[in-house]
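What the coordinates show
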Amino acid sequence: MEFGFTAQDDAFRAEARAWLEAHAPSAGDRRSWERTLGAAGWIGLGWGEDGYGNRSGSLTQQVAWAEEYARSRAPARSGHIGEKLLAPTLLAHGTAEQKARFLPPVAAGTELWCQGYSEPGAGSDLAGVRTRAEPAPGGRSYLITGQKIWTSLAHEADWCFVLARTDPESRRHHGLTFFLVPMDQPGRIEVRPIRQLTGTSDFNEVFFDGAHARVEHVVGAEGDGWRVAMSLLGFERGVSTLAQQIGFAQELGQVVRTAVRTGAADDPVVRERLVRLWAELRTMRWNALRTLGGSGGPGAPSVAKLLWAGWHQRLGEVAVQVRGAGASVGPADWSPSSPYELDESQHLFLFSRADTIYGGSDQIQRTIIAERVLGLPRQPKG
């Protein structure tokens, strides 16, 4: 399959660009921005014409929207977990009742979601889940107890999809169930923000102490959570990769301009690193387009993650290198209420250190490629 943009796609792109130019500058806070996007029909372009309150968009139009969104420098999305992860999962595995209940609020931008997967001591090893769920008296719900960590935007979310163990005797990927859990449960759910190197706190610890999840909010069947979870992880990469690369190109352009301004570009070693970063980014784009065209193979998501994570870290290193000694000084004086502030290059350098860890560490991605693509013997599990 050959991937390319048509005249219809170009018209769609022009509409998206014009809308973003008119609305993004006055976006407001992230929650209100989600409602603005939803009211205009920009959420859920890839869901098809299923009557869930969204406009339909082809694969190429989804790419066009994602690229224009990145170019516009519109606010970071807080509804992308519901749109890009939960919605495709419900479309693939959910009941008609679950789709009718949960998809329209996601499309409207009125309900935000977070993902309850990673746990202390398990990290990227999703089969190591220890959070447990047991039937509540009366059999109409489950009680969930355990801890999740690195939960993005949990402090803003209305709902969380949670992977929990319903068979206490099970091991590894057996006996897991996929739950939809309301976050507004005082005394049963506690969210603790995690302060990062960058000073921000978008990641959180989430503690479940007998949190309720209704029986009808189990996706798939009890014990079928691993299959549902694995399909969800496949949705994490795809169209968003191309939009991500637009942001990468903007960051690289800023690094190049800084290198020219500071004179660092006169250093042949720096010049070589910048040219290599540019060439690798172009290669990643064509690889992403090839993958969307249907020729990526089963290891494509893992290959893409390995490529961009390492690339982005190297970009962060060059970003501070071309600044010279000035990269060690913050843009504002220290104060008790704001211990430190970071400029763009410093934030890029520090945040990109996590790129090879979150979303499945490099080690996990290499294991997936080894076992599922190359057919090597499976790694022994404890």
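Structure's up top.
Quick look at the structure, then.

Definitions and cut-offs
- Residues numbered from 1 in each chain as written.
- Predicted model: local features only at pLDDT ≥ 70, side-chain atom pairs only at ≥ 80, totals over all residues.
- Heavy atoms only, no water.
- Helix = DSSP H or I, 4+ residues; strand = E, 2+ residues; numbered from the N terminus.
- Rg over C-alpha atoms; globule rule 2.2 N^0.38 Å.
- Areas by Shrake-Rupley, 256 points an atom, 1.4 Å probe, with all protein chains shown as cover.
- Lys, Arg positive; Asp, Glu negative; His and termini not counted.
- Charge placed at Lys NZ, Arg CZ, Asp CG, Glu CD.
- Core = buried A, V, L, I, M, F, W, Y, C linked by side-chain atoms within 4.5 Å.
- Buried < 20%, exposed > 50% of the residue type's maximum accessible area, 1.4 Å probe, protein only.
- Polar contact = N/O pair within 3.5 Å; in protein donor to acceptor, adjacent residues only side chain to side chain.
- Contact = heavy atoms within 4.5 Å.
- Patch = residues over 30% accessible without salt bridge, like charges linked within 9 Å, V, L, I, M, F, W, Y side chains within 5 Å.
- Salt bridge = Lys/Arg side-chain N within 4 Å of Asp/Glu carboxyl O.
- Disulfide = S-S within 2.5 Å.
- Axes fitted to C-alpha atoms, helices over the stretch in contact; angles between N-to-C directions.
- Parallel < 35°, antiparallel > 145°, perpendicular 65-115°, else oblique.
- Left-handed = near helix turned anticlockwise from the far one by under 90°.
- Nonpolar A, V, L, I, M, F, W, Y, C, P; charged D, E, K, R; others polar.
- Phe/Tyr/Trp six-rings, centres within 6.5 Å; stacked < 30°, edge-to-face > 60°.
- Lys NZ or Arg CZ within 6 Å of the ring centre and 35° of its normal.

Turning our eyes to something else, we now look at the overall build of the chain. Helices and strands together make up the secondary structure of the chain, namely 11 helices and 8 strands. Computed over its C-alpha atoms, the radius of gyration of the chain comes to 22 Å, within 12% of the 21 Å expected for a compact globule of 382 residues. Taking the principal axes of the C-alpha coordinates as reference, the chain spans close to 70 × 50 × 45 Å. Surface exposure of the chain reaches about 18,700 Å², of which carbon and sulfur atoms provide 55%. Separation between the mean location of the 41 positive side-chain charges and that of the 43 negative ones in the chain comes to 3 Å.

What follows is about the nonpolar core. Nonpolar side chains tend to gather and get buried jointly when the protein is soluble and globular. By size, the foremost hydrophobic cluster in this structure holds 23 residues, and its most contacted members are W113, F161, F178 and L180. Among the elements of the structure, α4 (80-93), α5 (96-108), β4 (159-165), β5 (176-182) and α6 (225-235) are those that each provide at least two residues to this core. Looking at this core element by element, the count peaks at 5 residues for α4.

A separate point is the side chain of Q245. Its place among the elements puts Q245 in helix α7 (residues 239-262). Of note is the side chain of Q245, whose polar atom sits 3.3 Å from the backbone oxygen of M284. Discounting chain neighbours no more than four positions away, the residues touching Q245 are L281, M284, R285 and A288.

Attention shifts here to the environment of G121. Among the structural elements, G121 can be located in the loop between β1 (113-116) and β2 (132-135). For the pair G121 and I149, spaced 28 residues apart in sequence, the C-alpha separation works out to 9.8 Å.

A cluster of nonpolar residues, V373, L374 and L376, forms a patch on the protein surface that exposes about 280 Å² of accessible area. Here V373 lies in helix α11 (residues 362-373). Owing to a relative accessible area of 41%, V373 belongs among the partly exposed residues under this scheme.

Applying the stated criterion across every chain yields a total of 0 disulfides. Counting only cysteine sulfurs, C160 is the nearest neighbor of C114, a cysteine outside any disulfide, at a range of 3.5 Å. Residue classification places C114 among the buried positions, given a relative accessible area of 0%.

What follows covers the side chain of T177. For T177, the position within the fold is in strand β5. At 2.7 Å, the side chain of T177 forms a polar contact with the side chain of T166. Dropping the residues within four chain positions of it, T177 is found in contact with V162, L163, A164, T166, V218, A221, E222, G223 and G225.

Further remarks concern the packing of α4 against α5. Their axes nearest at 10 Å, the elements α4 and α5 cross at an angle of 160 degrees. The orientation of α4 relative to α5 falls into the category roughly antiparallel. For the pair α4 and α5, the sense of crossing is left-handed. On α5, the residues touching G82, E83, L86, A87, L90 and L91 of α4 are Q98, K99, F102, L103 and V106. Classifying every residue of the contact of α4 with α5 by side-chain character gives 7 nonpolar, 2 polar and 2 charged.

Quick look at the packing of aromatic side chains now. This model, assessed by the stated rule, comprises 16 aromatic pairs. Taking 4.9 Å as the distance between ring centres and 80 degrees as the angle between the ring planes, the aromatic pair formed by F102 and W159 counts as edge-to-face. With F102 in helix α5 and W159 in strand β4, this pair connects stretches of sequence that are 57 residues apart. Between W113 and W159, the aromatic rings sit 5.6 Å apart at their centres with planes inclined by 25 degrees, giving stacked as the arrangement. Residue W113 is located in strand β1, and its partner W159 is located in strand β4; the two are separated by 46 residues in the primary sequence. Grouping residues by exposure puts W113 and W159 together as buried. Taken together, the aromatic side chains of F12, W19, W33, W42, W65 and Y69 make up a single cluster linked through ring pairs. The side chain of R55 reaches across the aromatic face of W42, ending 3.9 Å from its centre.

Here the focus is unusual backbone geometry. Here R73, not a glycine, exhibits a phi torsion of approximately 55 degrees, which is positive. On the secondary structure map, R73 appears in the loop between α3 (59-72) and α4. For R73, a relative accessible area of 59% puts it in the exposed group. Even without being glycine, L153 reaches a positive phi, approximately 60 degrees. Secondary-structure assignment places L153 in the loop between β3 (141-148) and β4. The class for L153 is buried, based on a relative accessible area of 6%.

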